Each structure stands twice: as C-alpha cells, then as structure tokens.
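A structural walkthrough
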Amino acid sequence: MAPQTYILFSLAADAILIAILLFLWARQRSEWHALLWACGQLSLSLGSASWILGERSSMHYLFAAMSLCGAAAGFVAGTEYFLGHLRRRHLRPLMLACGLGVMGLYGFWDGQPLRAQWMTAVGLGSAMVWSGLRLGLHRNRYRFLGMVLIVRGMFNLANSLGWIPPDYQSWFVYSIAIKTISMLCLVHAVQEKIRHRYVHTIDSLSSGFLIHDRSGQIQVANERCATLLGRANAAALIGTHVVDQRLFDTRAVAAAYFRRFELAHGAYPFIEMASISLPDGQQVPLEMIASPYIESGQLYCMVQLFDISERQKKDALLHRAAHHDPVTGLFNRHGLLQELERCVQQARQMAGECALFFIDLDRFKRINDTFGHETGDQLLCQFAQRLQGVLPKQAIVARFGGDEFIIVLPGTAVAMARVVGQRILDALAAPFTLPLQALSVSASIGVACHPQHGASADALIRNADIAMYEAKKAGRGHLRFFDDSMTAHAREALTIDGALRSAIAANELQLVYQPIVTADGRRLRKVEALLRWHSAQLGMVPPDRFIPVAEDSELIVELGHWVLQAACRQLAQWQGEMGELIVSINVSAKQLLDPGFTDQVRRALDAHGLPARRLELELTERVLLDDTDRVQVALSRLSALGVSLSLDDFGTGYSSLAYLARFRLDTLKIDRSFVLQIEHNARGRSLAATIVAMGASLGMEVVAEGVENAAQAAILQMGCHYLQGYHIARPMAAQALGFPEVAAPD
C-alpha cells in the first residue's frame, strides 16, 4: 500500500475524532479543553500530512514549525484547562511562547529536514509525556488517559531516536493505533467530565432527585435521595423499582401515579404528597415535585423529593398560633368559629342538637388592675383547667377574648345544658390559688341551643351573649337561657343607647327633686336630684330603662357629670330662698372611680360658689364592692373635700357591717323593701329598728326612703332622722319646690 493511502487513512481517523471533540465542545460551550485538544490534534495531523506529502521549501518548514507549536500548545493548554489550572491571564504568555517557538524552529530547520523531523518528534513526544504525567498525577480517574498519552509521547521519542522500524506499514500501524486510542481516551474524558458535572449538580441539590420510567424503574438518583430513602448510596437505587424504595405501596399505585403524571400535560410541575416508612420504622413525609423528561421518544418522570417534616412542624405551630389562645391553650376566636361551623353543620344534617355557653368572668378587669396582668393570666389558665375538668370530652372550649369563654357541647339538649351550666358555676365556688393570694371569682353564663335559639353559628353566639348580659343584670354568678324576649330587650337597649348619646346636646335631660324632711316635723333639709329624659325620638323614657344602658357603656360618666353640674347650678339659684338646703345626687361606680371625679366635684362647687357641705353623694352597696382599695381612696378624697357621703338602698343583698366600718359614710338610707314591711310585720319592724340603732351607734344620720303612708311615717319617726317617699312628696320640678316647709305627716 502506498504511503499516501496510509496518510489519508490516518487523516480520516483523525478527522472523525477531531469532529467528535468539536461536537462535544459545541454542544456544551463550556468544554474548552475539548476544543484545545481538537485544535492540537488538527495541527498535528495537518503538519504530518504536509511533511510527508509536500515538497521541501521555506514555506514548508514554516508550516511544519507552526504545526508543531500549535499541536504542543493545544495538548498542553487543553490538559491544563481540563485540570482547572488554565486562566485567561495565561493565554497571552502561551501565544507569545508559540510565536517565539515558531520563529526559532523555522530558523533552525531551514534546509535541514532530518533535524526538523527529529526535533518535531522530540517536541511532540515531550508535550504528550508532560500532559500524560499531569493527568496521571492529578486525577486518579484519568490515570489510564495519562498512561496512554505517555505511551504516545514515548512512541514519538522512540521514533526520533530511530527505534521504530523504518517501513511505512509498521510505522503507520503503531502510529494510528496509539493515536486513535489516545484520542478516544480524550473523548471519553470529555464525556466523563460532562457526566461528572451533572452527577455533581444533582448530588449538590438539597432535595432528593430521581428519574424513573413508565414501569417504575429508577434510572438516575442522587445521594440526597438515597439518604431520604434510607439507602447507603445512590448506586443502591439505580435499577430498583420505586415500590422497593417504599415511595408507593404497590405497583398498581405506582402505575396510577404515573398515569396521573402523564395526564397532567401542561400542568407541571406535578405535585403530590407521600409518607414513607424507613427501615427503622420512622415515618418521613415527602413532597414529590415531578416534571417530564423525554429521551428517545420515551416519557420519564423526573422527581424532586423534599423532606417536609420541619415544614409540617412549622405549619402545625402556625396553625396552633392561628387557632389557639397563647395564654390558656384553648381555641381562640378563629379556631372556635371553624369548630362551631362544623358542629352546627353536623347538627343540621343529622337533625341533632348542640348547646353554646357564653361565659364572662365577673369583675375580671378589677383583678388585672389590682394584681397585674400576669396574675390575671394565671387565673385565666386555672379557670380553663377547671372548665375542662367538669366538661365532657367532646366539648369544644375556647377563649373568645379577654375574660370571655365559649363552650360548645355537640348533641346536648336544653335539660343537659342546664346541668352542665350548674357544674360550671359550682366549679367556681372554690377560690383560685395563685402565687401571692387566693381569689374568688364568679361568672355570668348565657346559653343558646341549636336549633331552638339559632340555626347558625353567628346566631348562637349572639343570642348566648345576650343571655349572658341578662345573667349579669340578675346580679352576676347566674345562668340564663336565651329567649325571644331578650332579643327585644337587646334591640331596645341599642335604640336607647343610640338616642341617649345625643340627649345632652339636644337638651333632652332634666332634673326633678324629691324632698327629704326631718322625721319629727315640718322642716325640709334635703332634696334628692333625680334624672329624667324626654327623648324626641322615644318620648318619655323611664330611668330604669336608660340608666342600665348607660351603665353598660361609658355614657354613665358623661350623664353623671351633667347631673353634677345641673344640680350645683340649681342649688346656687336657690341660695337665700331655701336656707341650708342639701342636694343629694347618685354616683355610679364608673364615675366614682374616674381619676378626675374629685376635681370635677371641686370645680362644680367653686363655679357656683357653694360650700361642700351642701352636696351629698349617694352610693349603692354595689359601688363599694367593685374595687374596695380604689373606692376607699376616692371616698377619702371626697371626704377631705367636705362633701357628705350617703349609702343608698342599704340591706339589698350585699349588706356588710365591714363596709360601714371601713368607709367613712355620713348617711345611711334604709331601702324601701324594709319600710314596706314595718306596718304589718313584726320581723320587718325589728330589722328596721336594728338598722336605725346601728346607724345611730356609728354616728350616721338615717334616712327612711319609700315612705308611702302615715302609719309608716309614724313608726319611722321614732328613730330615723329623715323621711323620704310619696307620702312626703313626689319628685317635682325645681320651680315647684319653692316653699320653705313641707307639711308634717299626719
């Protein structure tokens, strides 16, 4: 065979291998070592062909020098880039060295073919040996490639020394074999690096990653996936079935998953949840995010696996924070509404019943104000524990807000609800033991039952709330069931509240005065100022309708201030006409505990030039109960101001000698309920006499109110200082009270 044929055969093999390297570079555009190796081999092939087939000339030697330098630079630069050592700053020195090498070789070779041939073999062999050593020493996985390049370099060096047989056939066989093997190894190295890059990429993912085919066989997996599935390494997953890795219970379930994934079409990524059981029995919740991967026309499922254990824990914490009260651990308003809607829906579907309890702790604000919110929170926690201790397991218990609690009892009728309500009240009988003190607390409870009192969650809450306020009006610590009349009262209260807010500005309020006379004769000494309201919208509204509404809001403070100003103004107008007449006005608990109340009294007296002794403030026993420490401070300030203090309605349920001893009071008013009994009831007369004697022993003036006839007046004038009632005089306008004396009782 002619030498030209061998050369052409060699060039064809070179062209194929060079094309493969160029293809790998063009496909990735990041495999620059493939381009450099291809350029080196191309330079070598062109130089070899030109040397053997071309005629000797100056240009021939120049081209040979350029080919040698290009081939050596290509292999060296490609190897350095492959190892990650070639940088942009190295390119200029490398190009300069190539240029100098070309010029030096050209000058040294000109006209000396043997020297050029020998130096080409030595130079190329040295470059190959150096590249092989670099690869063999730095990358264990490419040690074979390094050995092949070293062999190829040694072949070139041996050829330069004349150790290779001189016949063309042997030389080309050895040359093509070594060259082809080395180039194939270079191609393999490029592909292996690309594969390693992808393997490293998927292994660096924080999520598990696998690809499986339609049959469920795993084709690709990363190390994180192996860890999630409890395997030693990713290689243990390759070729196994997804069912073997416990991603699905059965092959039928796995096949159904792939069908759902296939039918998703454009709705990718396809997301589903799974829970796997590891070999140690641990359950791991996974989120599987699948995307399509098509290879050779076949659809593969490319899945990312995320361990969502921590996410589920955080979600559970967020859900608890959104649905539970942080203080008591019970449901909060949001959680309650969801549970109540479910309960009502179930009762509606099954034609069943359920009961809702609306509980409000009485005077809880006073505990917070006196002992602090920390103590208040401890009390709320203990109360929640007591509730859960007396309620059935199916009860839904929630802190609705502040000191309000709601209980929902599924499947509970009115009769059973009454029993449970009484249990709750009984559970509050014992004091709550707190770190610094024991506190007794009562609660007012309103109950609404489905379907009698409401068919929706909102209706049940609203009606139970209305019933709870009725329980408070009954004296606190009571249980009330909703009825329709309460709705009418609630609507009326809302109407009164709306109209009352504009009553002062509209000049709809006025005072009337009821005389209080000395028991032994005809002298008028006091009058009680009583508030009346003639509404343009509602007409004449009785005090027992609008005063409770005002007390439930902050309006009572504003009304009380108006009464104080109006009474003092009227008293100033009576100066000189009525003598030392004393005006008595009623004061609510909210008004008394207002920090600015004492200053309001002082300013009202000063504004109208009145001495403090001309004003008497009437307090009920409930006012004294609200916050004894703050009440004592307020009463001390008023006493220091010089106004008189009177205890109204004495004996109506909260009487205690402790209050009379603790608070400095000037007047005691016997409630009309005692006065009504004295005429025909010996026990009633004894009680009245006892109260009179007690007041006298404490140095207090005693007023009997509600005197309706002469017989009652005759009995009471034996010990009382003053009498008040319809038998003496009815409440009247200020202008009607223009007489100095009132007729003595018969």
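To keep things clear, this report deals only with the structure shown in the data block. (Residues numbered from 1 in each chain as written. Predicted model: local features only at pLDDT ≥ 70, side-chain atom pairs only at ≥ 80, totals over all residues. Heavy atoms only, no water.)

1. Things to note about the overall build of the chain
Across its full length, the chain carries 26 helices and 21 strands. Each of the 746 residues in the chain was classed as buried or not, and the buried ones make up 46%. Pairs at least 24 apart in sequence give 64% of the contacts found in the chain among residues at least 6 apart. Of the roughly 36500 Å² that the chain leaves accessible, carbon and sulfur atoms contribute 57%. (Helix = DSSP H or I, 4+ residues; strand = E, 2+ residues; numbered from the N terminus. Buried < 20%, exposed > 50% of the residue type's maximum accessible area, 1.4 Å probe, protein only. Contact = heavy atoms within 4.5 Å. Areas by Shrake-Rupley, 256 points an atom, 1.4 Å probe, with all protein chains shown as cover.)

2. Describing the packing of helix α12 (residues 364–371) against helix α13 (residues 373–390)
Orientation of α12 relative to α13, taken along the N-to-C sense of each, is 140°, at an axis distance of 6 Å. Regarding the angle of α12 to α13, the classification is oblique. Contacts between α12 and α13 involve Phe364, Ile367, Asn368 and Phe371 from the first element and His373, Thr375, Gly376, Leu379 and Leu380 from the second. Of the residues contributing to the contact of α12 with α13, the split by class is 5 nonpolar, 4 polar and no charged. (Axes fitted to C-alpha atoms, helices over the stretch in contact; angles between N-to-C directions. Parallel < 35°, antiparallel > 145°, perpendicular 65-115°, else oblique. Nonpolar A, V, L, I, M, F, W, Y, C, P; charged D, E, K, R; others polar.)

3. Points about unusual backbone geometry
Along the chain, His450 connects to Pro451 via a cis peptide bond; the corresponding omega equals 5°. Here Pro451 shows up in the loop between β11 (443–450) and α15 (457–473). The phi dihedral of Arg246 falls on the positive side, at around 65°, and the residue is not glycine. Classification of Arg246 as partly exposed rests on a relative accessible area of 25%. You will see that Asn507, though not glycine, has its phi angle at about 60°, which is positive. On the secondary structure map, Asn507 appears in the loop between α16 (484–500) and β13 (509–518). Given a relative accessible area of 64%, Asn507 falls into the exposed group.

4. Description of empty space enclosed by the protein
By the definition in use, this model includes 1 cavity of 30 Å³ or more. As for the largest cavity, its lining consists of Leu500, Arg501, Ile504, Leu555, Glu558 and Leu559. (1 Å grid on protein atoms, 1.4 Å probe; cavity = no way out; pocket = protein on both sides within 12 Å on 5 of 7 lines; lining within 4 Å. Points joined across faces, edges and corners; volume = space filled by probe spheres on them.)

5. A word on the sheet that holds strand β6 (residues 354–361)
Reading across the sheet, the 5 strands line up as β7-β8-β6-β11-β12 and stay open at both edges, with mixed pairing between neighbours. Looking along the sheet, the strands with just one partner apiece sit at the ends: β7 (396–401) and β12 (479–481). Pairs of neighbouring strands in the sheet enclose a mean axial angle of 20°, with direction left out of account. Where β6 lies against β11, 8 bridges are found, and the strand directions are antiparallel. Note on β11: the bridge partner recorded for Phe357 is Val447. Packing of helix α11 (residues 333–349) onto the sheet brings it into contact with β6, β7, β8 (404–410) and β11, and relative to β7 it is tilted by some 135°. (Pairing = 2+ DSSP bridges.)

6. Some remarks on α12
Restricting attention to buried positions, one finds in α12 the residues Phe364, Ile367 and Asn368. Buried residues of α12 fall within an arc of 95° about the axis and therefore sit on the same side. In the core, the buried residues of α12 are packed alongside β6, α13 and β10 (438–439). Phi for Gly372, located one or two positions after α12, is positive at around 100°. (Arc of directions from axis to C-beta.)

7. Notes on the nonpolar core
Core analysis: the largest hydrophobic core is formed by 82 residues, its most contacted members being Trp574 and Leu592. A per-element tally of this core places helix α18 (residues 555–573) first, with 11 residues. When neighbours within four sequence positions are excluded, Leu592 is seen to be in contact with Val587, Phe597, Leu619, Val623, Val631, Ala634, Leu635 and Leu638. Membership of the second largest hydrophobic core comes to 33 residues, among which are Phe357, Ile407, Leu434 and Val441. (Core = buried A, V, L, I, M, F, W, Y, C linked by side-chain atoms within 4.5 Å.)

8. With respect to the packing of α11 against α15
Running from amino to carboxyl end, α11 crosses α15 at an angle of 110°, the nearest separation of the two axes being 9 Å. One element, α11, and the other, α15, form an angle in the roughly perpendicular class. Residues Leu337, Leu340, Glu341 and Val344 of α11 form the contact with α15, whose participating residues are Ala457, Leu460 and Ile461. Considered class by class, the residues forming the contact of α11 with α15 number 6 nonpolar, no polar and 1 charged.

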